[in-house]
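# Coordinate analysis (summary)
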Amino acid sequence: MTRQAAKPFLYVVVCAAGIASGVDRLITAAQERNWEVGVIATPVAMGGFFDTGAVAARTGRPVRSAWRSPADPRPFPPPDAVAVAPATFNTVNKWAAGIADTLALGTLCEATGLGIPMAVLPCVADALAAHPAYRDSLARLHAMGVRFGEPYNGEVRPDGSRPDFAWERALDLLRPL
């Protein structure tokens with residue numbers, strides 16, 4: 001647990017997938033499990049994929065997407081854990097390659113290097129999930145200790161749709177903490 005907070009601090013990294021509009025479910029579940037939460041979003045996710053104002057109100061902290069200047073105070077304490085949900089094809093591949101060209105990716109790369117527990121719920125189309133680079137990226141991140149969960153339990157409804165995104169699974173992956 002961080003020294004700055006009475007509760008453990010969870011970074012939630014939100015990527016640009018349509019399902020991101022439900023990230024408040026993860027935040028609420030984390031707070032109910034006694035986590036303080038700070039949200040970092042990819043730049044594209046900030047463009048209307050979720051209600052940043054509602055998330056800021058829910059967490060009591062700004063949603064971050066851009067680097068701060070060295071003179072600016074840190075808006076979040078260091079994380080005790082990181083949850084990435086939804087995690088997109090682009091983010092997973094860049095992260096595994098060590099590309100830190102956004103605050104979200106830089107945070108993921110740094111947290112991985114520090115050995116901070118990380119849980120990921122991918123939201124990737126089947127065609128992209130079949131791409132060899134994606135499979136290699138999953139294997140590489142898994143080898144680094146990153147925990148992956150299936151947000152749909154592999155289920156597909158008879159009409160071809162998937163059930164609701166299981167946001168809480170990210171927290172379940174972090175439960176040993």
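Attention in this report is confined to the structure presented alongside it. Computed from a predicted model, the values in this text were never measured in an experiment. (Residues numbered from 1 in each chain as written. Predicted model: local features only at pLDDT ≥ 70, side-chain atom pairs only at ≥ 80, totals over all residues. Heavy atoms only, no water.)

## Some remarks on the sheet that holds strand β4 (residues 118-122)
- Taken in spatial order, the 5 strands make up an open sheet running β2-β1-β3-β4-β5, and their pairing is parallel. The sheet is open, and its two borders are formed by β2 (36-41) and β5 (147-148), each paired with just one other strand.
- Here β4 pairs with β5 via 2 bridges, running parallel. What sits directly across from Val120, in β5, is Phe148.
- Most of the contacts of helix α4 (residues 103-114) go to β2, to which it runs at about 125 degrees, and overall it touches β1 (9-14), β2, β3 (81-87) and β4. (Pairing = 2+ DSSP bridges. Helix = DSSP H or I, 4+ residues; strand = E, 2+ residues; numbered from the N terminus. Contact = heavy atoms within 4.5 Å. Axes fitted to C-alpha atoms, helices over the stretch in contact; angles between N-to-C directions.)

## Some remarks on the packing of helix α3 (residues 89-97) against helix α6 (residues 132-143)
- Between α3 and α6, whose axes approach to 9 Å, the crossing angle comes to 55 degrees. When the interaxial angle is binned, α3 and α6 end up oblique. Crossing angle aside, the handedness with which α3 passes α6 is left-handed. Between α3 and α6, the residues in contact are Phe89, Val92, Asn93, Trp95, Ala96 and Ala97 and Ala133, Tyr134, Ser137, Leu138, Arg140 and Leu141, respectively.
- In the contact of α3 with α6, the residues fall into 9 nonpolar, 2 polar and 1 charged. (Parallel < 35°, antiparallel > 145°, perpendicular 65-115°, else oblique. Left-handed = near helix turned anticlockwise from the far one by under 90°. Nonpolar A, V, L, I, M, F, W, Y, C, P; charged D, E, K, R; others polar.)

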